Amino acid sequence: MSITDRKPVRVVVLGGGTAGWMSAAGLAGLLGPLVEVTLVESEDIGIVGVGEATLPHIRGYVERLGIDEAAFMQATHATYKLGIDFRDFGRIGESYVHPFGTFGEEVAGVPFHHYWLEMQRQGRAADIGTYSLGVMAALENKFRPPSADASLTSTYGYAYQFDATLFGPFLREHAKKLGVERVEGKVIEVVRDGASGDVTSLKLESGQSLEGDLFIDCSGFRALMIGGALEEEWEDWSQWLPCDRAAAMPCAHVTQEIQPYTTATAMPAGWRWRIPLQHRIGNGYVFSSSFISEDEACSAIAAAAEGTQLADPRVLRFRAGRRKSSWNRNVIAVGLASGFLEPLESTSIYLTQMAVTYLLELFPIDGKIDPRDRDEFNRLVDMEYDRVRDFLILHYHATERDDSEFWNHVRTMRVPDSLQEKMTLWREAGRVEKYSDGLFYDASWIAVYIGQGLLPERHDPRTRLPDPARIERALGSLQQAIRDQTAAMPGHREFLTARAERLAAVP
Amino acid sequence: MSEPRELPARIVVAGDGPLGVLAAIALRRALPTTELLVLAVAPDPGAFAERIGTALPFTNRLHDRLQVSEDELVRQAGASHRLVMRYFGGGGPDQQSAAGYGAAVDPAMTTAFAKEWGGGPRNAGTTAPPRSLGEVLAGAGRFAPHSGEPGSPLLDLDYALRWNVPAYRQMLVGMAGQLGIQHARADIRGFMPDVSGGIASLVAEGMGEIAADLFLDCTGSRALLHSYLPEARQIDWHDMHPTRRIAIAEAGRPMLALEDRATLTPLGWRWELAGRDGLQSILGVAGDAGDEAIHAALGAPPAQIVPFSPGRAEAAWLGNVVALGDAAARIEPFGGIAQDLAHRQLALLLELLPGRTVDASERAEYNRRAAMMADRAADWIAVHYAAPAAAKAFPGLQQSPELARMLDQFVRRSRTPIAEDSPMLVQEWGAMLQALGMPSGESLLSAAASGDGSETGRAFAQKAEAALAAAPPYGEWMERML
């Protein structure tokens, strides 16, 4: 059938936050004439929009939709991000950077970190971060995009730190150009077919009825369709990830330089973020209400954040977990309606993007849902969530902190078996469990294990083979090369300023 | 404080076929101070690796890493290059199509979607290629392996090798000798168990007890060491793979070709490898066909008919014994998949190389990944019997959930899901499924993409032209090499 003969599939997106507009723009942009996308949102309903830090994958989304990077950065007040600086997680006073990049290179088939462990044992190695260009560039507030060759300058990646409340509206303009129809209004009823149970339309306060073949639930935590109408079960993960609130508060910049990284600092009942954007710094305390009250948390973030407060702390409530099935009948939940994992590793927008990607790959042909596509979508979404979940739990569990009830709880809790196995393999043999799909590969696990003081008991026997003086020299020249490369990079602000088309007007 | 583990003092490799010798070379390179003994045992009547010399592109990378030079393989071991496997009859009597190797086998570049979008090794919605660079070059008889020079139009092209097995083994034995690897011939008379489910020593005829920290079982399908262990259990693949015998013809006339062929016969798939030492024809035989039928399907009188029982060890690494190759998984030796699997097992062992003692967690990790590798290799074989005409001829075969999912997705949507520890890239799977005559469904993303594809077509034609101009006639290149 030629593409013009087909009846477009009517897609109704509920919710105009980041997930809603990412879904609408993605579907309209890449399925074009095969879909007819309507998005309903209400100006009276706020969006969460705290996902201010992203992962490198976002670049793929922006490029694939043909969005100009400069326009996107300008509209969202974006800065570049090379990684996350974690402070006080393993122990108070200690910190490490989890870069979008690697540490050293493997030699003779043995990963770098084994040689580093051996040299460290002999007192001949510096902090592992000094062997990562991504880490060192971040800490020196330098930025330049990586090279495309196989040299040292290709060993890191980058993402953005941006104002998530501006990302949705930016995509809205783009999506409208792609033909997405925006409807203003509040949904008062999810209408379902009595026989099939499928959702047939959304009834609005205005009396308008939005009919569709496929419904994308981007209504955030309210999950009006997937949770409300379809009562899809929620798998609760709060026993492992007890944080259920965030107190968010923007502040003015205090320094000239803009850090090309996000900072996550452990707090007595959670942790706080610090995300430098072009004009301000986003701050927030992610905490567990079982261990601290909202008022106390708001005072704590106000006391901890540097710079002039630009607004009072705003409290957001959430819970960790995901739907048993994110795609149920003809409703697909994307974003917070589908699941929530706290922003410790900036995975929120990534998980949304992945859901949109899988939906595009598995989009119902001629609007007819095949259960096998639905199962495949749910399998892939579950895998993404589960892998991120284990990695987040590690940040809490791999700690020596015993200075608060909260840290005592997460330090001693029983973790999922899938994580326990990974940690045992690391502890016994210094090895990282491998997988080829999903998020967070070897370097990420190594950064957190070592950064939080979880060292293996033993490392690869082959590290005994080379002359230690030779390894030491190799480590030294890598460090020097990284210092040289870092020195040659422009400062982050300097890099941005030289590309004024990326900068928003000063408010 | 993390301590380095003790290096293994001694490792015994049982079996001196090509895999045993290659494993010993790999261990010598990785552990120069460890004493290595290769123990030759009586040859395995079912060891196909001894006869069928071909693999997939992964092996080229492993050889390179172990300093087994490709040029020397061409000079000393009769090696030649396969750019495509051409399949006949998977989709019906008149259907034929070729499948190549590498991420760029898909000239339509629909997979670019996944790459650009995800930025990593992600799922791809593939439309199987109507043509590939490999097919163009194989058709023109032009090829030379590129030397990695940037900008070479042959850079994206991957290939597999085929070689003469005795010459290949001889070359490896020569290397092993130069590397000081001990080699002894003695039958195994018994074992002394250790306390942790492994072997403390083995008793060899005329040599007494031989103790070691680690034993590699490369003794072929008999798995002489592994099968001795009390925990050894097998997973049966009889319900997935129909082949019960393998018929091998006398070598035919020498050939120089860039393509090999696989043809569906009433008894199973016949594989023809264009060896410089002679055309090699082998046939997987299902059921209880007589000699005449086998002769007809093989296209030549069978020189040998060997019984075959597909399956794998539940856990290839038990105690301090690691089974490799046929000892770990008995997989039809077709199209290079069996050698490919053996070589990826060896690479996995190098990655997770233990110290003097074995940790339970790394053994578990090895077994987890080796099992996935073996299962995906089993899927590779099973795909051939899922081709439309094959499925009619061999009904009722089971499929793993992963294979069923891949076939379903391909047939309905032209999508090949990514699988962990798979022998092939999603693009290569897509190309193979298409060559096997699998109908492929519509990819909505391709359908919705702007343009009619003529631009991609033009770009491919340009690439093909550049590749043809850069590659000499294969025979000419071969002459220069020799």
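From a predicted model like this one, the values you see are computed outputs, not experimental measurements.

K.L.:
Explain the sheet that holds strand S20 (residues 311-313) of chain B to me, please; I cannot follow it from the model alone.
P.N.:
Residues and elements named next belong to chain B. One open sheet holds the three strands; their spatial order is S14-S20-S23, and the pairing between them is antiparallel. If you trace the sheet from one side to the other, it starts and ends with strand S14 (234-236) and strand S23 (329-330), each paired once. Here S20 runs beside S23; their pairing, made up of two bridges, is antiparallel. Across the sheet, Arg312 pairs through a bridge with Ala329, a residue of S23.

K.L.:
Looking at this structure, I do not really get the sheet that holds strand S22 (residues 321-323) of chain B. What am I missing?
P.N.:
Strands belonging to one sheet form pairs held by backbone hydrogen bonds; the direction of such a pair is parallel or antiparallel. Residue and element names in this part refer to chain B. Across the sheet, six strands lie side by side as S9-S3-S2-S13-S22-S21; this open sheet has mixed pairing. The open sheet terminates on both sides in strands that have one partner only, identified here as strand S9 (182-185) and strand S21 (317-318). Pairing of strand S13 (residues 214-217) with S22 involves three bridges; the strand directions are parallel. Residue pairing for S22: Leu216 is matched across the bridge by Val322.

K.L.:
Please clarify how the state of the cysteines should be interpreted in this entry.
P.N.:
What is meant by a disulfide is a covalent connection between two cysteines, made through their sulfur atoms. Residue and element names in this part refer to chain A. For the structure shown, the criterion picks out zero disulfides over all chains. Note on Cys243: no disulfide assigned, nearest cysteine sulfur contributed by Cys298 at a separation of 14 Å. On the basis of relative accessible area, Cys243 is assigned to the buried category, the value being 2%.

K.L.:
Could you clarify how one ought to interpret the nonpolar core in this entry?
P.N.:
Across soluble globular proteins, nonpolar side chains show a tendency to be buried alongside one another. If you look at the biggest cluster of nonpolar residues, it comprises 149 residues, and the most contacted ones within it are Val11 and Phe363 of chain A. For this core, the element with the most residues is helix H10 (residues 371-397) of chain A, which contributes 11 residues. Looking at which domains feed residues into this core, each of domain 1 (7-52 + 163-237 + 321-387) and domain 2 (245-317) of chain A gives three or more. Residue contacts for Val11 of chain A: discarding those within four places in its chain leaves Leu27, Val35, Glu36, Val37, Thr38, Leu214, Ile216 and Phe363 of chain A. Of all hydrophobic cores here, the second largest spans 125 residues; its members include Ala79, Ala98, Ala328 and Ala370 of chain B.

K.L.:
Can you walk me through the packing of helix H9 (residues 360-386) of chain B against helix H12 (residues 426-435) of chain B in this structure?
P.N.:
The relative placement of two packed helices is expressed as an angle between their axes plus a distance between the axes. Residue and element names in this part refer to chain B. One way to put it is that H9 packs onto H12 with a least axis distance of 10 Å and a crossing angle of 20 degrees. Classified by the angle their axes make, H9 and H12 are roughly parallel. Seen along the crossing, H9 lies across H12 with a hand that is right-handed. Residues Arg376, Asp379, Trp380, Val383 and His384 of H9 touch H12, and the partners they reach there are Trp429, Met432 and Leu433. Its residues placed into classes, the contact of H9 with H12 shows five nonpolar, one polar and two charged.

K.L.:
Sorry, what's going on with the pattern of salt bridges here?
P.N.:
By the definition in use, this model includes 76 salt bridges over all chains. With a shortest N-O distance of 2.8 Å, Arg317 of chain A and Glu294 of chain A are connected by a salt bridge. In this pair, Arg317 of chain A sits in strand S17 (residues 314-317) while Glu294 of chain A sits in helix H8 (residues 294-304), placing the two residues 23 residues apart along the sequence. By relative accessible area, Arg317 of chain A is classed as exposed at 54%. Judged by its relative accessible area of 23%, Glu294 of chain A falls in the partly exposed class. With its nearest N and O atoms 2.9 Å apart, the salt bridge here joins Arg379 of chain A to Glu376 of chain A. Of this pair, Arg379 of chain A and Glu376 of chain A are both found in helix H10, three residues apart, which corresponds to roughly one turn of the helix. Taken together, the shared-partner salt bridges connect Arg431, Arg458, Asp460 and Arg462 of chain A together with Arg5, Asp359 and Glu362 of chain B into one network.

K.L.:
Looking at this structure, I do not really get the side chain of Thr76 of chain A. What am I missing?
P.N.:
On the secondary structure map, Thr76 of chain A appears in helix H3 (residues 69-76). Residues within four places of Thr76 of chain A in sequence aside, it is in contact with Phe162, Asp163, Leu166 and Phe167 of chain A.

K.L.:
Even after reading the chapter, I still don't get the UniProt feature "binding site: L-tryptophan" (unreviewed entry) in chain A, so can you show me in this structure?
P.N.:
All names here are of chain A. Per the UniProt annotation, the sites labelled "binding site: L-tryptophan" (unreviewed entry) are Glu345. Relative to the helices and strands, Glu345 resides in the loop between strand S21 (339-340) and helix H9 (348-361). Classification of Glu345 by relative accessible area gives buried; the value is 1%. Residues contacting Glu345, with those up to four places away along its chain left out, are Leu55, Ile84, Phe86, His98, Phe391, Leu392, His395, Phe440 and Val448.

K.L.:
Where do I start with the interface of chain B and chain A in this structure?
P.N.:
Interface size is commonly expressed as the accessible area that is lost once the parts come together. Counting residues at the interface gives 49 residues for chain B and 56 residues for chain A. In total, about 4800 Å² of surface goes out of reach between chain B and chain A, with carbon and sulfur atoms giving 52% of it. At the boundary of chain B with chain A, the tally comes to 14 salt bridges. The salt bridge involving Glu376 of chain A is made with Arg405 of chain B; its shortest N-O contact spans 3.4 Å. Connecting chain B to chain A are 27 residue pairs in polar contact (both at pLDDT 80 or more). Counting residues per element, the ones that place at least two in the side of chain B that touches chain A are strand S1 (3-4), helix H4 (112-118), helix H8 (337-351), H9, helix H11 (401-413) and helix H13 (444-448) of chain B. Ranked by residues supplied to the side of chain B that touches chain A, first place goes to H9 of chain B with six residues. In the side of chain B that touches chain A, the residues fall into 22 nonpolar, seven polar and 20 charged. Sheet topology note: the strand S22 (residues 458-459) of chain A/S1 of chain B ladder contains two bridges and is parallel. Of the residues in S1 of chain B, the one forming a bridge with His459 of chain A is Pro4 of chain B.

K.L.:
I'm lost on the packing of H3 of chain A against helix H6 (residues 164-177) of chain A in this one. Help?
P.N.:
Residues and elements named next belong to chain A. Two elements in contact, H3 and H6, have axes whose closest approach is 8 Å; the angle formed by their N-to-C orientations is 130 degrees. Overall, the two elements H3 and H6 adopt an arrangement that is oblique. Classified by chirality, the crossing of H6 by H3 is right-handed. Touching Ala71, Phe72, Ala75 and Thr76 of H3 are Leu166, Phe167 and Phe170, all from H6. Looking at side-chain class alone, the contact of H3 with H6 contains six nonpolar, one polar and no charged residues.

K.L.:
Quick question: what am I supposed to make of the confidence of the model for chain B here?
P.N.:
Close reading of the predicted structure is inappropriate where its pLDDT is low. Residue and element names in this part refer to chain B. Confidence in the prediction of chain B, expressed as mean pLDDT, is 90, and 92% of residues score 70 or more. Overall, residues 107-130 carries pLDDT values under 50, and its contacts beyond four positions in sequence, including any with other chains, amount to 83 contacts. Among the scores for the predicted complex, ipTM is 0.94 and pTM is 0.94.

K.L.:
Even after reading the chapter, I still don't get the environment of Ala262 of chain B, so can you show me in this structure?
P.N.:
All names here are of chain B. Mapped onto the fold, Ala262 is located in strand S16 (residues 259-265). Residue classification places Ala262 among the buried residues on the basis of a relative accessible area of 0%. Distance from Ala262 to Arg405, taken between C-alpha atoms, is 25 Å for residues 143 residues apart in sequence. In contact with Ala262, other than residues within four places in its own chain, are Met85, Arg86, Tyr87, Phe88, Trp269, Arg270 and Trp271.

K.L.:
What am I meant to see in the packing of aromatic side chains here?
P.N.:
Each aromatic ring pair is described using two quantities: the centre-to-centre distance and the angle formed by the ring planes. Residue and element names in this part refer to chain A. Summed over the entire model, instances satisfying the criterion amount to 41 aromatic pairs over all chains. For the ring pair Tyr158 and Tyr160, a centre distance of 6.1 Å and an interplane angle of 85 degrees mean the geometry is edge-to-face. Comparing Tyr158 with Tyr160 shows no difference in burial state: the two are buried. Plain terms: the ring middles of Phe291 and Phe406 are 5.5 Å apart, the flat faces sit at 90 degrees to each other, and that makes the pair edge-to-face. Taken together, the residues span a long stretch of sequence, with Phe291 in the loop between strand S16 (280-287) and H8 and Phe406 in helix H11 (residues 405-412) at a distance of 115 residues. Its relative accessible area of 32% is what places Phe291 among the partly exposed residues.

Cut-offs used in this document
- Residues numbered from 1 in each chain as written.
- Chains lettered and ligands numbered in written order.
- Predicted model: local features only at pLDDT ≥ 70, side-chain atom pairs only at ≥ 80, totals over all residues.
- Heavy atoms only, no water.
- Pairing = 2+ DSSP bridges.
- Helix = DSSP H or I, 4+ residues; strand = E, 2+ residues; numbered from the N terminus.
- Disulfide = S-S within 2.5 Å.
- Buried < 20%, exposed > 50% of the residue type's maximum accessible area, 1.4 Å probe, protein only.
- Core = buried A, V, L, I, M, F, W, Y, C linked by side-chain atoms within 4.5 Å.
- Domains from an automatic or database assignment.
- Contact = heavy atoms within 4.5 Å.
- Axes fitted to C-alpha atoms, helices over the stretch in contact; angles between N-to-C directions.
- Parallel < 35°, antiparallel > 145°, perpendicular 65-115°, else oblique.
- Left-handed = near helix turned anticlockwise from the far one by under 90°.
- Nonpolar A, V, L, I, M, F, W, Y, C, P; charged D, E, K, R; others polar.
- Salt bridge = Lys/Arg side-chain N within 4 Å of Asp/Glu carboxyl O.
- UniProt positions renumbered as here; feature names shortened; annotations may be inferred.
- Buried area = accessible area lost by both parts, 1.4 Å probe.
- Polar contact = N/O pair within 3.5 Å; in protein donor to acceptor, adjacent residues only side chain to side chain.
- pLDDT = per-residue confidence, 0-100.
- Phe/Tyr/Trp six-rings, centres within 6.5 Å; stacked < 30°, edge-to-face > 60°.

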